[in-house]
Amino acid sequence: MLPYSSKSKKHRLPYGRGSVGALLALVALMGSAPAATPSFTVGWSVYVGWNPYYYMAKSGILRKWADKYGINIRVQRFDYAPSLDAFVAKNIDACAMTNMEALDMPAAAGVDTTAVIVGDYSNGNDAVIVRQNLTLAQIPGKQVMLVEKTVSQYLFERAMAINGLGAQLRQVHYLNTSDSDIASAFLTNPNKPVVVTWKPLVSQILKAKDVKMVFNSSQIPGEILDLLVVRSEVLNRADGSGQKFAKAVTGAWYELLKLMSTPGPGADKVLAGIADASQDSLASYKEQLATTHMFYTPQAALDMASAPDLKKTMDLVRQFCFQHGLLGEKTKSVDDVAVQFPGGAVLGKPERIRLRFSTTYMQLAAQGKL
Amino acid sequence: MSFLRIHAQPGRTTAWTLSWFLFALGIVLYFYVAQARHRENPDERVMPTIGQMVRGFSDAALKPAEEEEAQASSGSLAARFRGSMLWKDTEASGRRFLISVALLFPAVLLGLHMAMFPVIGAFFLRFILFFDKIVALSLLPILFIAFGIDELSKIMLIVIGVTPTIILDTFNLSKSVPREQIVKGFTLGANDFSITYRIVFKQILPRVLNSIRLNLKAVMLFLFAGEMIASTDGLAYRIALLRRHMGMDTIIPYVLWVALLLFLVDFAMNKINHKLHPWFEAA
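Just so you know, these numbers come straight off a predicted model, no measurement behind them.

### Some points on the overall build of chain B
Secondary structure assignment for chain B yields twelve helices and one strand. Taken from the N to the C terminus, the helices and strands of chain B come in the order α-α-α-α-α-α-α-α-α-α-β-α-α. Computed over the C-alpha atoms, the radius of gyration of chain B is 24 Å, more than 25% above the 19 Å expected from 2.2 N^0.38 for a compact globule of 283 residues. Projected onto its principal axes, the C-alpha coordinates of chain B cover approximately 75 × 65 × 40 Å. Residues classed as buried in chain B amount to 33% of the 283 residues present.

### Thoughts on the domain arrangement of chain B
Interfaces are often sized by the amount of accessible area the parts lose when they come together. As assigned here, chain B comprises domain 1 (10–44) and domain 2 (82–276). Look at where the C-alpha atoms of domain 1 of chain B and domain 2 of chain B centre, and you get two points 34 Å apart.

### Considerations on the environment of isoleucine 73 of chain A
Residue and element names in this part refer to chain A. Take isoleucine 73: it is sitting in strand S2 (residues 72–77). Distance from isoleucine 73 to proline 190, taken between C-alpha atoms, is 47 Å for residues 117 residues apart in sequence. If near-sequence neighbours (up to four positions away) are discounted, isoleucine 73 is found in contact with Phe40, Val42, Leu62, Ala66, Phe245, Ala248 and Val249.

### Some details on the interface of chain A and chain B
Facing 35 residues of chain A, the contacting portion of chain B comprises 41 residues. Those elements that provide at least two residues to the side of chain A that touches chain B are helix H4 (80–88), helix H5 (99–107), strand S7 (173–177) and helix H7 (182–187) of chain A. The dominant element in the side of chain A that touches chain B, judged by the number of residues it contributes, is S7 of chain A, at four residues. Taken together, the two bridges between S7 of chain A and strand S1 (residues 230–231) of chain B define a ladder with antiparallel strand orientation. By the bridge assignment for S1 of chain B, asparagine 176 of chain A is matched with serine 231 of chain B.

### Things to note about the pairing of S7 of chain A
Residue and element names in this part refer to chain A. Along S7, four of the five residues are buried, which leaves the element largely enclosed by surrounding structure. Where strand S6 (residues 143–146) lies against S7, four bridges are found, and the strand directions are parallel. Its bridge partner lying in S7, valine 144 is registered against tyrosine 174. Where the polypeptide runs from S6 across helix H6 (residues 151–162) and back to S7, its parallel neighbour, the crossover connection is right-handed.

### A closer look at the domain arrangement of chain A
Residue and element names in this part refer to chain A. Each assigned domain of chain A is listed with its residue range as follows: domain 1 (16–121 + 224–366) and domain 2 (126–219). Each partner contributes to the interface: domain 1 provides eleven residues, whereas domain 2 provides ten residues. When residues in the side of domain 1 that touches domain 2 are grouped by element, the largest group, three residues, is from helix H12 (residues 282–290). Here the side of domain 1 that touches domain 2 is composed, by residue class, of five nonpolar, five polar and one charged.

### Here we look at the sheet that holds S1 of chain B
In sheet architecture, strand pairing relies on hydrogen bonds along the backbone and comes in two forms, parallel and antiparallel. With mixed pairing, the six strands of this open sheet are ordered in space as S9(A)-S5(A)-S8(A)-S6(A)-S7(A)-S1(B). Each end of this open sheet is capped by a strand with a single partner; those strands are strand S9 (211–216) of chain A together with S1 of chain B. Strands strand S5 (126–131), S6, strand S8 (194–198) and S9 of chain A of the sheet are contacted by H6 of chain A, whose axis makes an angle of about 65° with S5 of chain A.

### As for unusual backbone geometry
Of note, the amide linkage connecting lysine 199 of chain A to proline 200 of chain A takes the cis form, showing an omega dihedral of 5°. Secondary-structure assignment places proline 200 of chain A in the loop between S8 and helix H8 (201–206). Positioned with a positive phi, lysine 90 of chain A is a non-glycine residue whose angle comes to about 65°. Residue placement: lysine 90 of chain A occurs in the loop between H4 and strand S3 (94–98). In the Ramachandran plot, methionine 246 of chain B falls in the positive-phi region, its phi being about 55° despite a non-glycine side chain. Following the sequence through the fold, methionine 246 of chain B ends up in the loop between helix H11 (235–243) and helix H12 (248–276). When the 24 C-beta atoms within 10 Å are taken as the criterion, methionine 246 of chain B is described as buried.

### Description of helix H14 (residues 309–323) of chain A
Spanning 15 residues, H14 of chain A covers 21 Å between terminal C-alpha atoms, matching the ideal 21 Å at 1.5 Å per step. One or two residues past the end of H14 of chain A sits glycine 325 of chain A, with phi positive at roughly 70°.

### Side note on the pairing of S8 of chain A
Residue and element names in this part refer to chain A. Counting buried residues along S8, five of its five residues qualify, which places the element largely inside the surrounding structure. Here S8 shows two buried faces, one formed by Val194, Val196 and Trp198 and the other by Val195 and Thr197. Summarising the sheet, S6 and S8 pair through two bridges and their orientation is parallel. The partner of valine 144 across the bridge, within S8, is valine 194.

### Looking at the confidence of the model for chain A
Looking at chain A as a whole, its pLDDT mean stands at 88, while 91% of the residues score no less than 70. Scored below 50 in pLDDT, residues 1–21 of chain A shows 44 contacts in the model against residues more than four places distant or in partner chains.

### Side note on the confidence of the model for chain B
All names here are of chain B. Looking at chain B, pLDDT values average 89 and 95% of them are 70 or higher. Summarising per-element confidence for chain B, the mean pLDDT is lowest in helix H3 (residues 77–82) (81) and highest in helix H5 (residues 118–132) (95). For this predicted complex, the interface score ipTM comes out at 0.79, while the overall pTM is 0.83.

### A closer look at the nonpolar core
In terms of nonpolar packing, the biggest core is built from 168 residues, with Leu103 and Val249 of chain A touching the most fellow members. Among the elements that make up this core, the one with the highest residue count is helix H7 (residues 151–175) of chain B (ten residues). Once you skip the residues sitting within four places of it in the chain, leucine 103 of chain A turns out to touch Ala108, Val317, Arg318, Cys321, Val337, Val339 and Leu355 of chain A.

Basis of the calculations
- Residues numbered from 1 in each chain as written.
- Chains lettered and ligands numbered in written order.
- Predicted model: local features only at pLDDT ≥ 70, side-chain atom pairs only at ≥ 80, totals over all residues.
- Helix = DSSP H or I, 4+ residues; strand = E, 2+ residues; numbered from the N terminus.
- Rg over C-alpha atoms; globule rule 2.2 N^0.38 Å.
- Buried ≥ 20, exposed ≤ 12 C-beta atoms within 10 Å, placed from the backbone.
- Domains from an automatic or database assignment.
- Contact = placed C-beta atoms within 7 Å.
- Pairing = 2+ DSSP bridges.
- Right-handed = clockwise from strand over helix to strand, strands pointing away.
- Nonpolar A, V, L, I, M, F, W, Y, C, P; charged D, E, K, R; others polar.
- Axes fitted to C-alpha atoms, helices over the stretch in contact; angles between N-to-C directions.
- Expected span 1.5 Å × (residues − 1).
- pLDDT = per-residue confidence, 0-100.
- Core = buried A, V, L, I, M, F, W, Y, C linked by C-beta atoms within 7 Å.

Right under this line is the structure:
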């Protein structure tokens, strides 16, 4: 008998496993759902600003809203990268992602995408952490552990640029480290002086001795946005079911956020339920919420999405994506993946709009018309 | 319907056609779906067309790697290839791969000695049987403490993942050499080491080489896992980065390139095995 257990780690293979899984799930779903009720799938991954989707489905709030609009909504948990893959492959209809990934994954891959909910922005969740009191100016020439080409790198490069160190970025050596192992890899390797990551990993790392946070996302407020995006073709379905879907999700979202933000024991129960989504404790989830600027009311989200600052932010983000080749090798100009803002303003070529910020549904929620 | 029977004798052309049929089917299906998706969305990235993949691959193989743009853009094809991203990644991964495979040979000797010398066997066997069942990837934090997160930990991940299999396989193969041969060797005046190396080792070596060949894929899987966890270069590092923006037009050629390299290593080892052991026909 030959032992083969050592070969069993096939899940590290770099193929689109998530997409295949989602496809199978969707096929199964199509087979079972009655043809009359349109069905939609929302993908989410564990993150403080997205964990509410788990509770929204579990508590029945989502079902109530879906029934009101006569549709079916399924909520499915993914790892982050596979959730993006599934959305780009059009296996799911809506997905929670950041503004940066919305631009460089679906939008850059030609999947016309609409952001219907601006949920929150990272207000300290993402951080640059160093050992031995290093300063940002001392980082060039040293190794930086991070998940390359994600918001972590965006945060780091913004930190350097804001401190006038942008020109020295070329001397920084990035060490691409998987987010599942980055905390232990940093903590057990004293010769690696810098790490950039997000909560709850940040909290875990900061518990160690001799480490210090030198920059975090609260210094670039509103730049790392967490969105719920829907494929535009779904929204524009001729039978109007896509809009019903967006209305139902938005309605359920703000009902839940209201429960979260109303002080009292009720809120704690809801928050504990949400913390369950990531097997987290209530205290830990509250700690993460403290560095997340949630838009608890539709009005707050609406104000954020219609402010001119959003355009500046998206310009920074798209320039970053373009410089790092995240819009694709064949994208010759940053304007080829255009972004449309509420009110109609466009960054890039008007005939190549791929990402749209819509305030329609948040507006309806603010007016109580959902 | 005799062609489906055990004693069917397909002709050369039939056998050749049959053996390529699934390749053709896979390729046709892929491009059929890819075409459909591209008609629907001209910016489609998930399933690149053949033209995009050729471009992606030639960019990877001929354009200079990121940092030093100006220098290698001229010069001969070979010089450009040596300055390319693909070559750098292949070099980095290849070095780790070869070191790891080289480290499998001490494992073979350990397995052999465990089988031949009961005291060594008693010392190691139980532990290695246990160790073999450990899923090394789930103990990464401990590996990081012991070996850091640079080159050593990647190689150790492979070694820990693959050597127990090799040790146990060599052990079993050595044990299967008929006892009579060993007794006979002793009656003809052989000592312990000539029995071990000149009777047993010689007989099992071709099978051990085959066992290593079968484990090349496992070596590659662990290497990919290691490079995806923390790395600054290598084939899997590149694939992990390209995934961030759905660079499937480069990823698919990369995966095929890895398959080709693995095939060549396997092929070379098979040839060497035949050369060294012309008497061994089992392969």
